[in-house]
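# A look at the structure
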Amino acid sequence: MLWMFIMLFSLILFIIGIIYMCNRINRLGIKNKLIPYLIVFLFILVLSLLLNTITAIIIIIHYLIIWLFMDLIFFIVKKIRKKDYKCYLSGIITLIFVPIYIIIGIYNVYNVNVTTYDISTDKLNDKYKVALLSDSHMGTTFHAEKFYEYLKEIEKENPDILLIAGDFVDDGTSKEDMINACEALGKINIKYGIYFAHGNHDKGYYGEQRGYTSEDLESELTKNNVKVLKDESVLVNNEIYIIGRKDAEDRSRMSTEELTKDLDKSKFMIDINHQPTDYLNESKSNVDLVVSGHTHGGQMIPLQLLSTHVSENDSVYGYEKINNTNFIVTSGISDWELKIKTGCKSEYVYININ
């Protein structure tokens, strides 16, 4: 219901945005009222071809909001100075500012950063370096070839463990890209292995139209030495339990309490949970570290501020500690349909456990 409301609300804003933009463009000196609509239509078409339709809709909404804001500011200024400006400054500023803002947002998606966290524990005899990937949505902003380049960069840092926290593929990921991306994982050497837990997109929302099933994905990952964990745990080096949870949308998934009840609580426990939606129960279950993705860092300003209040997510991005449990949410290495990130970035993560 929430996503349906968001989509409907976005569509309404998009239509209002088109009308408002055309009306404002007329103020720039264009007398023919049809020309602004032609300009906006061509602009949307180009954006849809270069990026995609959803991103084009969001860009128009940005124009609407920022143009309204600038018009309000200049209306107040005009009232204070009791004099109008000779040219339509709010429109000119908007037409300069929004493209720069959007270009930065697109750059934030395609430019992948490295983020490092340090956590402490008295449960381990040695230090461990854990690498974390999430939300690659393969084929959205890069394909398997580029993914392999990122993996080689990770391999150079000699992490002990690599965790993949879901949404490895998407509904639009081709079978060839899926297979090649799994093979890329099989080509790197990680001391204690690679561990995968499902995200909501990995099983696909539209049946088998992409040409493979979630079982095919699991088979390819397993063939390439990736341990797929579906409400399962594995003990690494006799010191660290890695627990991989089914996605929160899977009604058959077990609770954290069930998953940990038979584990040795004196050992360090890492929980891979794609959606950061179970903080209270995870913190009560003596789990030491929970890693998640899914949120894409909040995606855009001001969604980062709103997400924890209007969604089920306990956190949108970053590090948090509750009781003795460390929680880390990554913004992901790629993106979904929306190819803009403002106020956040694409990344992969290193976690130093000391």
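In this report, we go over the structure that sits alongside the text.

Definitions and limits used
- Residues numbered from 1 in each chain as written.
- Predicted model: local features only at pLDDT ≥ 70, side-chain atom pairs only at ≥ 80, totals over all residues.
- Heavy atoms only, no water.
- Helix = DSSP H or I, 4+ residues; strand = E, 2+ residues; numbered from the N terminus.
- Buried < 20%, exposed > 50% of the residue type's maximum accessible area, 1.4 Å probe, protein only.
- Polar contact = N/O pair within 3.5 Å; in protein donor to acceptor, adjacent residues only side chain to side chain.
- 1 Å grid on protein atoms, 1.4 Å probe; cavity = no way out; pocket = protein on both sides within 12 Å on 5 of 7 lines; lining within 4 Å.
- Points joined across faces, edges and corners; volume = space filled by probe spheres on them.
- Nonpolar A, V, L, I, M, F, W, Y, C, P; charged D, E, K, R; others polar.
- Salt bridge = Lys/Arg side-chain N within 4 Å of Asp/Glu carboxyl O.

Bringing the side chain of Asn 273 into the picture now. Tracing the backbone shows Asn 273 in the loop between strand E8 (268–272) and helix H9 (279–284). Among the residues examined, Asn 273 registers a relative accessible area of 0% and is labelled buried. A polar atom in the side chain of Asn 273 sits 2.9 Å from the side chain of Arg 253.

Our next topic: the layout of surface pockets. When its volume is computed, the second largest pocket comes out at roughly 200 Å³. Lining of the second largest pocket is provided by Arg 24, Arg 27, Asp 71, Phe 74, Phe 75, Lys 78, Asp 84, Tyr 85, Cys 87, Tyr 88, Leu 89 and Ser 90. Looking at the lining of the second largest pocket, the elements with two or more residues in it are helix H3 (53–81) and helix H4 (89–110). Broken down by element, the residue count for the lining of the second largest pocket peaks at 4 residues, all from H3. Tallied by class, the residues present in the lining of the second largest pocket amount to 6 nonpolar, 1 polar and 5 charged.

A few words on the pattern of salt bridges. Evaluated as defined, the whole model comprises 11 salt bridges. A salt bridge links Lys 123 to Asp 288; the nearest nitrogen and oxygen atoms lie 3.0 Å apart. Pair noted here: Lys 123 is in the loop between strand E1 (112–119) and strand E2 (128–133) and Asp 288 is in the loop between H9 and strand E9 (289–292), with a separation of 165 residues, a long-range link. Lys 123 gets classed as partly exposed once you look at its relative accessible area, which sits at 23%. The partner of Lys 223 in a salt bridge is Glu 220, with the nearest N and O atoms 3.1 Å apart. Pair noted here: Lys 223 and Glu 220 are both in helix H7 (residues 214–223), with a separation of 3 residues, about one helical turn.

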